[in-house]
Amino acid sequence: MNTHLPKSAATNQTWSQRFETALHPAIARFNASIGFDIELIEYDLTGSIAHAQMLAHTGIITQEEAQQLVSGLEQIRQEYRNGQFTPGIEAEDVHFAVERRLTEIVGDAGKKLHTARSRNDQVGTDIRLYLRHRIQEIQAQIEQMQTVLLDLAEQNIETLIPGYTHLQRAQPLSLAHHLLAYFEMLQRDKERLGDVYKRVNISPLGSGALAGTTFPIDRHYTAKLLEFDGVYANSLDGVSDRDFAIEFLAAASIIMVHLSRLSEEVILWASEEFSFVKLKDSCATGSSIMPQKKNPDVPELVRGKTGRVCGHLQALLVLMKGLPLAYNKDLQEDKEALFDAVRTVRASLEAMTILFAEGLEFRTPRLAQAVAEDFSNATDVADYLATKGVPFREAYNLVGKVVKTCIATGKLLKDLTLAEWQELHPAFDTDIYQAIAPHQVVAARNSYGGTGFEQVRKAVATARTRMSEL
């Protein structure tokens, strides 16, 4: 059995003549990352162009050599975009694939590109360039979803929906107020990503393998070319840090948790038991054997994919917890988790935005019926008595007894006669019926941040202003 790579592959190894034979084919496959880190190619090319320009700027190579390198790297970019550059496993990773192709294009000048650079600081730079771009894309998608939620909220300020605690009917709400709660969650998600961006946007380029370099490089020059805000102050930290990736995965996990919570509500709302929303055909599927079924696949998939992203966060935390300084091959495992998390978050945001924009319809008659058929106005009876001078705790206990009696007799609070109310307490008068009407119950909660219609209108206007200032 041939235990070595073909000679052609052996001569293409990235390491020095220290090695006499090539890798075992299975080990070569196990070791290679080209199958997934090809996703970094555009960022690798951009980082390499900046590095070449810095080498010329500091006199390490000539301006003519730098121009050759830049032209060759831009040619590779076009070849990749046109589908002409498709490196295989023999390249091991995207960085060596680019360098090898560059040498084929420009000759020996291509071999100078790696001067004063290690793959350790190179890959760290690529990941940061990739991630800061993806953060901006995700932030833009969050804004799109916020806009959809805001539009729905503006249309439903006086639409009522039951509010829940412990998944038990609690108090009625403005539907807009409910939707704006998710607007606020997404706002924090967007701001959290912005905070992560600050730590992503620091350049490790020039850290070398771990100890810097003997060449007179200018790290601040490449950082400026690549629009980084600064450079790592410690070369060991520069090549081994993945805090920024962990932070991103934490932020991504929180985004998915928010989407999952919203998904769970849609799933409940779409059930026969709730019937608060109707799923449109464009965003629902059917059953293979039950023709009456319309399934909420979009929110169910988002709910399921949330565990996937949270798992990537856990995986990277475990990956990092035992690594000594500086770079270790374990860090190759950060990329697939990161790439998949980015794809999953983006796909989930897109799907949920479409779902709320055009895939569901709130059943307003059913919502109105729902808020009128329970005891979620009980607190308002206690508040009513409190405004009449009855101590709240006394009023609270009294109303509890009233609810118990109503349940036993099959009545709602609105069904009690004035005589029955006054038998319970003489403070009750005809205005009790207005006080416990669902619309009034919601309108009365006019404290800042509350569900009162006046407050919700202000909240919508404030949210519009915040969106326009982005």
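A quick note: this is a predicted structure, and the numbers were derived from the prediction, not measured.

Enquirer: Would you mind going over the overall build of the protein with me for this structure?
Expert: If you tally the helices and strands in the protein, you get 20 helices and six strands. Overall size of the protein, expressed as C-alpha extent along the three principal axes, is 100 × 50 × 40 Å. Per-residue burial for the protein yields a buried fraction of 49% across its 470 residues. Here the contacts in the protein between residues at least 6 apart in sequence split such that 75% fall between residues at least 24 apart.

Enquirer: So what exactly am I meant to see when it comes to the pairing of strand β1 (residues 160–165) here?
Expert: Along a regular strand, successive side chains alternate from one face of the sheet to the other. For β1 and strand β2 (residues 168–174), the ladder comprises five bridges, and the chain directions are antiparallel. Bridge assignment links Leu160 to a residue of β2, and that residue is Ser174. The antiparallel hairpin formed by β1 and β2 contains two residues in its connecting segment, where His166 sits at a positive phi of about 60°.

Enquirer: What should I look at first to understand helix α7 (residues 119–155) in this one?
Expert: An α-helix turns once per 3.6 residues; consequently, residues spaced three or four apart project the same way. With 37 residues, α7 extends 54 Å from end C-alpha to end C-alpha; this agrees with the ideal 54 Å at 1.5 Å per step. Counting buried positions over the 37 residues of α7 gives 26, a clear majority of the element. Taking the backbone nitrogen of Asn120 as reference, a side-chain oxygen 2.9 Å away marks Ser118 as the first, capping residue of α7.

Enquirer: Looking at this structure, how should I read unusual backbone geometry?
Expert: Glycine aside, a negative phi is what most residues show, and trans is what most peptide bonds show. Of note, the amide linkage connecting Leu325 to Ala326 takes the cis form, showing an omega dihedral of 10°. You can see Ala326 is positioned in the loop between α12 (297–320) and α13 (334–359). Positive phi, normally seen in glycine, also occurs at His166, with a value near 60°. Here His166 shows up in the loop between β1 and β2. Residue His166 is classed as exposed on the basis of its relative accessible area of 77%. The phi dihedral of Glu227 falls on the positive side, at around 60°, and the residue is not glycine. Tracing the chain through its elements places Glu227 in the loop between α9 (219–225) and β4 (230–231).

Enquirer: Please explain the nonpolar core as it appears in this structure.
Expert: Soluble globular proteins tend to bury their nonpolar side chains together. Leu131, Met145, Phe248, Met352, Leu355, Phe356 and Phe362 are the most contacted members of the largest nonpolar core, which totals 85 residues. A per-element tally of this core places α7 first, with 14 residues. Setting aside anything within four residues of it in sequence, one finds Leu131 in contact with Val200, Phe244, Phe248, Leu338 and Val342. Core analysis: the second largest hydrophobic core is formed by 24 residues, Ile61, Ala66, Ala91 and Ala97 among them.

Enquirer: So what exactly am I meant to see when it comes to the pattern of salt bridges here?
Expert: Side chains that differ in charge, positive against negative, can pair when their charged atoms come close. Applying the stated criterion across every chain yields a total of 37 salt bridges. Notably, a salt bridge pairs Asp374 with Arg169, separated by 2.6 Å at the nearest N-O pair. With Asp374 in the loop between α14 (364–371) and α15 (378–387) and Arg169 in strand β2, the pair connects residues that are 205 residues apart, well separated along the chain. Residue Arg199 pairs with Asp195 through a salt bridge whose shortest N-O separation is 2.7 Å. In this pair, Arg199 and Asp195 both sit in helix α8 (residues 175–200), four residues apart, roughly one turn of the helix. For Arg199, a relative accessible area of 35% corresponds to the partly exposed category. Residues joined in a network through salt bridges with shared partners are Glu42, Glu74, Arg77 and Arg81.

Enquirer: Quick question: what am I supposed to make of the side chain of Ser33 here?
Expert: Within the fold, Ser33 resides in the loop between α2 (25–31) and α3 (34–37). Residues within four places of Ser33 in sequence aside, it is in contact with Glu92, Asp93 and Gln332.

Enquirer: How do you make sense of the packing of aromatic side chains when you look at a structure like this?
Expert: Centre-to-centre distance and the angle between the planes together describe a pair of aromatic rings. For the structure on display, the rule yields eight aromatic pairs. Between the aromatic rings of Phe392 and Tyr396, the centroid separation amounts to 6.4 Å while the plane-to-plane angle is 35°, which identifies the pairing as tilted. One end of the pair, Phe392, and the other, Tyr396, are both in helix α16 (residues 392–409), four residues apart, so they sit about a helical turn from each other. Using a relative accessible area of 37% as the deciding quantity, one classes Phe392 as partly exposed.

Enquirer: When you look at the packing of helix α4 (residues 41–57) against helix α5 (residues 63–81) in this model, what are you seeing that I'm missing?
Expert: The description of two packed helices rests on the angle between their axes and on the distance between the axes. Where α4 meets α5, the closest approach of the two axes is 8 Å, and the angle between their N-to-C directions is 175°. When the axis of α4 is compared with that of α5, the two are roughly antiparallel. Along its contact with α4, which presents Ile41, Glu42, Leu45, Thr46, Ser48, Ile49, Ala52, Gln53, Ala56 and His57, the element α5 presents Gln63, Ala66, Leu69, Val70, Leu73, Glu74, Ile76, Arg77, Tyr80 and Arg81. Broken down by class, the residue content of the contact of α4 with α5 amounts to 11 nonpolar, five polar and four charged.

Definitions and cut-offs
- Residues numbered from 1 in each chain as written.
- Predicted model: local features only at pLDDT ≥ 70, side-chain atom pairs only at ≥ 80, totals over all residues.
- Heavy atoms only, no water.
- Helix = DSSP H or I, 4+ residues; strand = E, 2+ residues; numbered from the N terminus.
- Buried < 20%, exposed > 50% of the residue type's maximum accessible area, 1.4 Å probe, protein only.
- Contact = heavy atoms within 4.5 Å.
- Pairing = 2+ DSSP bridges.
- Expected span 1.5 Å × (residues − 1).
- Polar contact = N/O pair within 3.5 Å; in protein donor to acceptor, adjacent residues only side chain to side chain.
- Core = buried A, V, L, I, M, F, W, Y, C linked by side-chain atoms within 4.5 Å.
- Salt bridge = Lys/Arg side-chain N within 4 Å of Asp/Glu carboxyl O.
- Phe/Tyr/Trp six-rings, centres within 6.5 Å; stacked < 30°, edge-to-face > 60°.
- Axes fitted to C-alpha atoms, helices over the stretch in contact; angles between N-to-C directions.
- Parallel < 35°, antiparallel > 145°, perpendicular 65-115°, else oblique.
- Nonpolar A, V, L, I, M, F, W, Y, C, P; charged D, E, K, R; others polar.

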